[in-house]
Amino acid sequence: MVPPYDPLTDATPGTALTHVSSYWAATAGEMPADDGPAPAQADTEVAIIGGGYTGLSCAYHLARHGIRSIVLEANRAGWGCSGRNGGFARMALGRLTTAQMIAEWGHSAASDAFTMMRASLANVRTMIADGNIACDALEAGHLKIAHRASRTDELKREAAVLQRDFDYPAEFIEADELRSRHVGGLQSFGALRIPDALAVHPLKLTAGVLNMARAAGARVHGASPVTAWSKRGAEHILTTPFGSVRAKTVVIATNGYTPQLLHPAVRATLLPVLSHIIVTRPLTAGEIAAANFVTRHVLTDSRRLLYYWRRLPDDRILFGGRGALTDHPKTNARQREFLLAELKSKYPGLEQVTVDYDWHGWVCLTRDFLPHIYHAHDDRTVRYALGYQGSGVALSLYAGRLLAQSIAGSPAEPLLPQIYLPLARYPLHNLIRIPQRLAYLWYKHLDNSD
Ligand SMILES: Cc1cc2nc3c(=O)[nH]c(=O)nc-3n(C[C@H](O)[C@H](O)[C@H](O)COP(=O)(O)OP(=O)(O)OC[C@H]3O[C@@H](n4cnc5c(N)ncnc54)[C@H](O)[C@@H]3O)c2cc1C
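Going along each chain's sequence as written, the residues are numbered from 1 onward. Residues qualify for local features only when their pLDDT is at least 70, as the model is predicted, and side-chain atom pairs are given and counted only at 80 or more; totals for whole chains, interfaces and linings, by contrast, use all residues. With hydrogens and water excluded, all non-hydrogen atoms of the structure serve as input to the side-chain values.

> Pulling in residues and values, what's your account of the state of the cysteines?
Here a disulfide denotes one covalent bond, and it connects the sulfur atoms of two cysteines. Disulfide: a pair of cysteine sulfur atoms within 2.5 Å of each other. This structure, assessed with the given rule, holds zero disulfides. Between Cys135, a cysteine without a disulfide, and Cys81, which holds the nearest cysteine sulfur, the sulfur-to-sulfur distance is 17 Å. The thiol sulfur of Cys364 is not disulfide-bonded, and the nearest other cysteine sulfur, from Cys81, lies at 8.4 Å.

What follows is the structure, encoded as structure tokens:
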């Protein structure tokens, strides 16, 4: 069993740990090789800490700009969120709906955000095609389902804004059509349909991006946690258990797994939050018919503590959600039972279904609920892309590309200005679990009332 890791208190996520025991690890096949542990001494233009989508994409795109980089990953590529997520590559940027973005930031910034979301999806498609990545990618689309009748108005409004303001073919699907053509269940009161979303095998996607980065010339060292970081003159020195790596620029690509003491630029700025997933045994034909689970769309609901789920190619249901605060075997076992009960309460007919796999990981929230692609305020050679708010499959791959562009000094792609700002610190960060617990109670109350 992988030992629990708490980014708020632990110094590194471990060394050379195997991937979490998940449905993805069981079905990915052999992972491709990396470059082994970091050497005793190495020099590079850019050192990247973290071997997930952000770090590997950054390394790949840097190489395309002719810039040498070394990725230092504590365990193995995709050990963090990138190898264990739900595999929903969907349009997401922070917590606001597009209608809320217009209300809060005005039309121009909302339009930048929308452009960025679409660009991130386009980038995933391009990378999968360019790398010839076999990650079971399916152009699935995304249904955001109203879990109570009272939530339909908000989803209708969002569909209307997307159509009117962005000329985007979103639509609202009424309950009858949703239940007959997509998925039945007791909590299916209509849905916002976003046609752009891919369902992928996240660990196979990681493997593909790892191959692309290495083939382009980047070096990727697994089993190489950065345990200390100092600066001598213009040079950064990153210490690993095997020696040190010197670099002109360092990229922090550790997201929800960022240890507090890694660098002052990110200290007290991130809230790591657990997300749990269960994967059921394959449903029988009778169970699929009972739930009318015919859709291959990726699904989320209108809760604040939202659930995300999908029917997998082998007819299992992957079902995920937040709620647990600490990574503890007892809490994890409770969360597994809780998620199974929630799935069954959505879909009568699944009473006999059992769970074959369950796992969890740390997603990353920021104070303004937005990702930030920026640099330390006093040192432009310390870069980061962090805080995807639990929806970073498409965005993190894109953020890696944007980071590479900015390091290379290339003209920036259209970008929401709010993202290009330093991360804000949480006050009383060491007590952050207290307000988080209260927020969860409040969200649950809101989710269960009209
Ligand atoms: C259960 C779960 C389900 C999710 N489902 C979805 C989904 O369906 N769709 C979606 O869009 N997003 C989803 N996400 C979020 C998404 O997976 C992440 O936003 C994305 O993978 C972040 O990638 P990353 O490369 O930035 O970070 P990660 O993939 O988390 O990689 C960070 C890496 O940094 C390494 N690291 C940390 N400290 C050090 C150190 N000191 N030295 C060296 N290495 C270090 C870690 O070992 C880790 O491998 C989910 C996340 C979880 C946990």
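> Outline the pairing of strand S7 (residues 190–194), supporting the account with residue identities and numerical values.
Note on strand geometry: in a regular strand, side chains alternate between the two faces of the sheet. Along S7, four of the five residues are buried, which leaves the element largely enclosed by surrounding structure. Here, a strand pair is defined by DSSP locating no fewer than two bridges between the strands. Counting from the N terminus, the helices are DSSP H or I runs at least four residues long and the strands are E runs at least two residues long. Two elements, strand S6 (residues 171–174) and S7, share four bridges in a ladder whose sense is antiparallel. Bridge pairing in S7 links Ile173 to Ala191. Think of it in three bands: residues with accessible area under 20% of the maximum for their type are buried, residues over 50% are exposed, and the middle band is partly exposed, with areas taken using a 1.4 Å probe on protein chains only.

> Help me get a handle on helix H2 (residues 53–64), residues and values and all.
Between its first and last C-alpha, H2 extends 16 Å over twelve residues, near the 16 Å set by a 1.5 Å rise per residue. Those residues of H2 not exposed but buried are Tyr53, Thr54, Gly55, Leu56, Ser57, Cys58, Ala59, Tyr60, His61, Leu62 and Ala63. Two residues or fewer after H2 comes Gly66, characterised by a positive phi angle close to 80 degrees. Expected helix span is given by 1.5 Å per residue-to-residue step, counting one fewer step than there are residues.

> Give me the lowdown on the site of the ligand, citing residues and values where you can.
Around the ligand, 40 residues are found, and the nearest of them are Thr54, Glu73, Ser82, Phe88 and Val393. Polar contacts here mean pairs of N or O atoms no more than 3.5 Å apart (in protein, one a potential hydrogen donor and the other a potential acceptor; neighbouring residues in sequence count only if both atoms are side-chain atoms). Contact distances for the ligand include 3.0 Å between an oxygen atom and a backbone N or O atom of Tyr53. Between Gly86 and the ligand, the recorded distance is 2.9 Å, taken from a backbone N or O atom to a nitrogen atom. Each accessible area value is a Shrake-Rupley result obtained with a 1.4 Å probe; residue values ignore everything except the protein chains displayed when judging cover. Out of a free accessible area of 1,000 Å², the ligand has 99% covered by protein chains. Put simply, the parts of the chain that give the shell around the ligand at least two residues each are H2, strand S13 (270–280), strand S17 (355–366) and helix H10 (393–408). Whether a residue is near a molecule or strand depends on its heavy atoms: it is near if one of them lies within 4 Å of it.

> With reference to specific residues and values, describe the pairing of strand S1 (residues 41–49).
The pairing of S1 with strand S12 (residues 243–252) spans eight bridges and is parallel. When the sheet's bridge partners are listed, Val46 is paired in S12 with Thr249. Here four bridges tie S1 to strand S2 (residues 69–72), and the two strands are oriented parallel to one another. Bridge pairing in S2 links Ala47 to Ile70.

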